[in-house]
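# An overview of the molecular structure
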Amino acid sequence: MQNQDRTPSTTSIPTSDTTVLESFPAGAPRGSWPAEEFAAKRRAEGINATVVMDLTTDTFKVVTI
């Protein structure tokens, strides 16, 4: 059984080829889960979506790269 870590990536991503699909407040009661769930739905649709943390705006962003 694989460990399903829900911690968002903190890796820097290039902004020139990045599209933000949705943003979620980091202070939400469920943390990054709404962003992770949204990204999983996009991946099920064939969209290469991942979650990143934007420290300057304190949000989780679902992005495509």
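Once a new chain begins, its residue numbering starts again from 1 and follows that chain's sequence as written. Owing to the predicted nature of the model, reporting of local features is limited to residues with pLDDT of at least 70; listing and counting of side-chain atom pairs is limited to 80 or more, with chain, interface and lining totals taken over all residues. The basis for every side-chain value is the complete set of non-hydrogen atoms in the structure, without hydrogens or water.

Time to look at helix H1 (residues 33-44). Numbering of helices and strands runs from the N terminus; a helix is a DSSP stretch of H or I covering at least four residues, while a strand is a stretch of E covering at least two. The length a helix should cover is 1.5 Å for every residue beyond the first. In this model H1 runs 16 Å from its N-terminal to its C-terminal C-alpha over 12 residues, within 8% of the 16 Å that 1.5 Å per residue would give. Among all positions in H1, only Ala 35, Glu 36, Ala 39 and Arg 42 are buried. Down the axis of H1, the smallest arc covering the buried residues is 120°, so these residues share one side. Of the exposed residues in H1, the ones pointing more than 90 degrees away from its buried face are Lys 41 and Ala 44. The criterion used for residue contact is that any of the two residues' heavy atoms lie within 4.5 Å. Those residues of H1 that are buried lie in contact with strand E1 (19-25), strand E2 (49-54) and strand E3 (59-64). Working definition: with a 1.4 Å probe on protein chains only, accessible area under 20% of the residue-type maximum means buried, over 50% means exposed, and in between means partly exposed. Think of it as the arc spanned by the lines of direction from the helix axis to the C-beta atoms.

Here the phi dihedral of Asp 58 falls at roughly 55°; this positive angle occurs in a residue that is not glycine. Tracing the sequence through the fold places Asp 58 in the loop between E2 and E3.

Glancing now at the environment of Ala 26. With respect to the helices and strands, Ala 26 occurs in the loop between E1 and H1. Between the C-alpha atoms of Ala 26 and Asp 58, which are 32 residues apart in sequence, the distance is 5.6 Å. The contacts of Ala 26, once residues within four sequence positions are left out, are Gly 31, Met 53, Asp 58, Thr 59 and Phe 60.

Moving on, we get to the pattern of salt bridges. Salt bridge criterion: a side-chain nitrogen from Lys or Arg within 4 Å of a carboxyl oxygen from Asp or Glu. This structure, assessed with the given rule, holds 3 salt bridges. One salt bridge in this structure joins Glu 37 and Arg 30, with 2.7 Å as the shortest N-O distance. Classification of Arg 30 by relative accessible area gives partly exposed; the value is 41%. The salt bridge involving Asp 54 is made with Lys 61; its shortest N-O contact spans 3.9 Å. Just as Asp 54 is buried, Lys 61 falls in that class too.

Turning our eyes to something else, we now look at the sheet that holds E2. Spatially, the 3 strands line up as an open sheet ordered E1-E3-E2, and their pairing is antiparallel. Two strands in the sheet have a free side with no partner beyond their single neighbour: E1 and E2. Strand-to-strand, the axes of this sheet are offset by a mean angle of 25°, without reference to chain direction. Two strands are counted as paired when DSSP detects at least two bridges linking them. By the bridge criterion, 6 bridges tie E2 to E3 in an arrangement that is antiparallel. Residue pairing for E3: Asp 54 is matched across the bridge by Thr 59. H1 rests against E1, E2 and E3 of the sheet, and its axis sits at about 155° to E2. Only the stretch in contact is used when a helix axis is fitted, and all axes are lines through C-alpha atoms; the angle between N-to-C directions ranges over 0 to 180 degrees.

Nothing here speaks to function; it is all geometry.
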